[in-house]
Structures are given as C-alpha cells and as structure tokens.
Amino acid sequence: MTTEICKIDAFSLERAKKIIESGGAVAFPTETVYGLGANAFSTEAVNGIFTIKGRPNNNPLIVHVHRDYDISALVDEIPDYAKKLAKAYLPGPLTMVYKSKGKVSPSVSCGLDTLAVRVPSHEGAQRFLRCVGLPIAAPSANISKHVSPTSAEHVLGDLNGRIELILDGGKCEGGIESTVLDCTGEVPVILRSGLVTRQMIANVAGDCGVYTYIKGERARSPGLMYKHYSPNCETALFSEGELEKALSRYDERAKAGKRVVIICGTEAVRLLGERQNIPLGKTPSEMAKNLYSALREAEKQFDVAIALVPENDGGIMEGVINRLSKACAGEE
Ligand code: TXA
Ligand code: MG
C-alpha cells in the first residue's frame, strides 16, 4: 500500500470519507497530535487501528466527534460539572470519560463500560469529522509506544505503507495529547495531564482530582501502564535542579563515544557550555509544542537524548514532564 500525504480540501476529504466508510483508517491533524481514525461503530475498522499501530488490545481509544454532534447519543449520566467544562473548553484539548451507552463497538473501550469523547478544535479535524459524519475512534497516529506525531511527516515516518491517506494540517499547535478527564464521579479526576490544566478545570468545576497510577494496580486509564512516547535511542530525564548530574551523564556518554544531545528549555541552553542541544522554547506551551519533534530529531541524529526540564509548575509543565518521564522510563 502506498501512503499519500494530502492537503485538506474537498477532494481529499471525499477520499477520506470513502476510506472510513469502507472500514479503513485515515490519519488526520488535531490541535494536540495527529490521530489515526476509523469508524467507531465498526469492530472490524476499530480492530484495524490496533493492528496498524501494534497497540495492546487493553488500551482503549478516544472517540472524536464534530462540535455539533450530540454526545448524548453515545454516553449517559453527563454531570453538571461536565456540561460546564464542555461549555468552557470544547472544542479543545480535553477528553471527557463518561458512562457508555454501548452504541459504539466494544473494541473502542476494550470492554470498559465507559467511553472517552473528544471534540478537537483543529479546523482540519472538524472538517474531516463533519464530512464523515460518524464518531471516529482515534489514537495518536504513531507506532505503539513511539513518540506521538505532530506533523504529517511524522505520521509518514511511522505508518508508511500501513495506511492509504494522511490528511495534512501542518504542525500541531498544542504538541502533547489532550487532558483525559474522568467525569463518572462526584468530581472530575484527571487521568492524563495535558493542555487543559488542573487549575483550569477546578476554576470551572469547583474541584478537580488527579489520579496517580500505582505500578501493579489495575489502572483506571489503561494507557498509564505503558512505556510511551519514546524515541529509539537511549534516554534520561533530569530536572534543572539536577543540572550537574545531567552534565556529568552527558560527558560520561560522550566519552564512551556516543553522540549525545540535551533537550531543554531555551533559557537553560547557556548552562550547557559547548554541549549539543535541542532547545524546546521558553514557555511551557512552547515546550509542549516542540517536545515530540525534538524527540524525533534526537533519535535520528543522536545515540543518547538527555532531557533537562524546569521544575513542575503544576500547569502545562505537568503534561510535558509526564510525557518525558514515560519517554525515559525503562522497558515495560
Ligand atoms: O490528544 C489526544 O487525545 C490524541 C488525539 C489524536 O486526539 N489522542 C490520543 O489517543 O492521545 P491515545 O490513544 O494515544 O490515548 C488515549 C488515552 C489512553 O491513555 C487511554 O488509556 C485513555 O485515553 N482512555 C481511552 N478511553 C478511556 C476510558 N474509557 N477510560 C479511561 N481512559 C481511557
Ligand atoms: Mg498515543
């Protein structure tokens, strides 16, 4: 199969619609990362996504819908706080988990009785979802465990020959995946941090919990159990408070003949002396936006990537640090 990258226009959208209707998968842009979408009503189509990505079949998918889609067709028991949050932040990088009505294929939620729903704000995503007119189950469009794609070229790098069509909407503005929020309880609980922060949620909902996965437990969000977002090179993660450690790791690996790079905030570059670096930007938002392209650049050109990150501010940095800790985790 040859994989084509196409700008989003009436012609490519019609082609995408045909592929989806015939049970295939199409990669499309969102404001966070690129998704690999298929018809959420079709078990065969949804299973196809797991096969294409090599994704473990106990890690559920998010259903994507356009802004005017009535989600009460798919989910039940939408609490008042969730309605307020949807009004404040949707369309946007916030995925909300509700009790499922069981209308989509059971493969989407991997047998859970809940369903994760997302309304992306990216104009290209909206056009695609509206044109198709179906709820689209979509994980990030990367090979399972690899770095998520934030450009059409990244998708091609991972899925060349495995899918027919990549809708090209340019570089993703957000850069890290949506916040996943459990809306099945009294108060919302963050399952995966992202660009809609705990503070933003608490401001609207009055309260917001954070779920922390304890290794060995049955995770409330199965995706939390896996190593993820990882470049194909040796990795390490240090906070800026551990600068000395990061630098000696660099020097030690360089001495061993490895090509080493430090991925860090632009402000931290001056602390590195002559050492190679890939700057992420100044603000947490810039760092999120550039994170995955930096990891992909690192794996292409270097043997060892050392991430050096600012202290966690509990805002967007939380999401950036979460992704980096998974990218730099040991094999699981
Ligand atoms: O920004 C995003 O969310 C991107 C774009 C493409 O929309 N999608 C994405 O999908 O990151 P994926 O499959 O890479 O991550 C989905 C996450 C996983 O951590 C999964 O465990 C969680 O959402 N999830 C999905 N359904 C769930 C459910 N019913 N209950 C709890 N967690 C769920
Ligand atoms: Mg993913």
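Everything discussed here concerns the structure shown above.
Quantities reported herein were computed from a predicted structural model and do not represent experimental measurements. (Residues numbered from 1 in each chain as written. Chains lettered and ligands numbered in written order. Predicted model: local features only at pLDDT ≥ 70, side-chain atom pairs only at ≥ 80, totals over all residues. Heavy atoms only, no water.)

> Could you give me a rundown of the sheet that holds strand 16 (residues 304-309), with the residues and numbers involved?
Strand order in the open sheet made by the four strands is 13-16-14-15, with parallel pairing throughout. Looking at the sheet topology across the chains shown, the edges are occupied by strand 13 (234-239) and strand 15 (277-279). Across the sheet, the mean angle separating the axes of adjacent strands is 20° when strand polarity is ignored. Taken together, the three bridges between strand 14 (residues 260-264) and strand 15 define a ladder with parallel strand orientation. Residue pairing in the sheet places Ile262 in a bridge with Asn277 of strand 15. In the packing of helix 8 (residues 284-301) onto the sheet, the strands contacted are strand 14, strand 15 and strand 16, and the crossing angle to strand 14 comes to about 170°. (Pairing = 2+ DSSP bridges. Helix = DSSP H or I, 4+ residues; strand = E, 2+ residues; numbered from the N terminus. Axes fitted to C-alpha atoms, helices over the stretch in contact; angles between N-to-C directions. Contact = heavy atoms within 4.5 Å.)

> Mind laying out the packing of aromatic side chains, listing which residues take part and the relevant values?
Enumeration according to the criterion identifies two aromatic pairs in this entry. Here the aromatic rings of Tyr229 and Tyr292 are separated by 6.0 Å at their centres, their planes lie at 25°, and the arrangement is stacked. A residue pair is termed long-range when its members are at least 10 positions apart, and Tyr229 in the loop between strand 12 (209-210) and strand 13 and Tyr292 in helix 8 qualify at 63 residues. The pair Tyr229 / Tyr292 is uniform in exposure class, with both members buried. Here the guanidinium or amino end of Arg275 rests over the ring plane of Tyr250, the centre of that ring lying 5.9 Å away. (Phe/Tyr/Trp six-rings, centres within 6.5 Å; stacked < 30°, edge-to-face > 60°. Buried < 20%, exposed > 50% of the residue type's maximum accessible area, 1.4 Å probe, protein only. Lys NZ or Arg CZ within 6 Å of the ring centre and 35° of its normal.)

So far we have only geometry, and geometry alone does not tell us how the molecule works.
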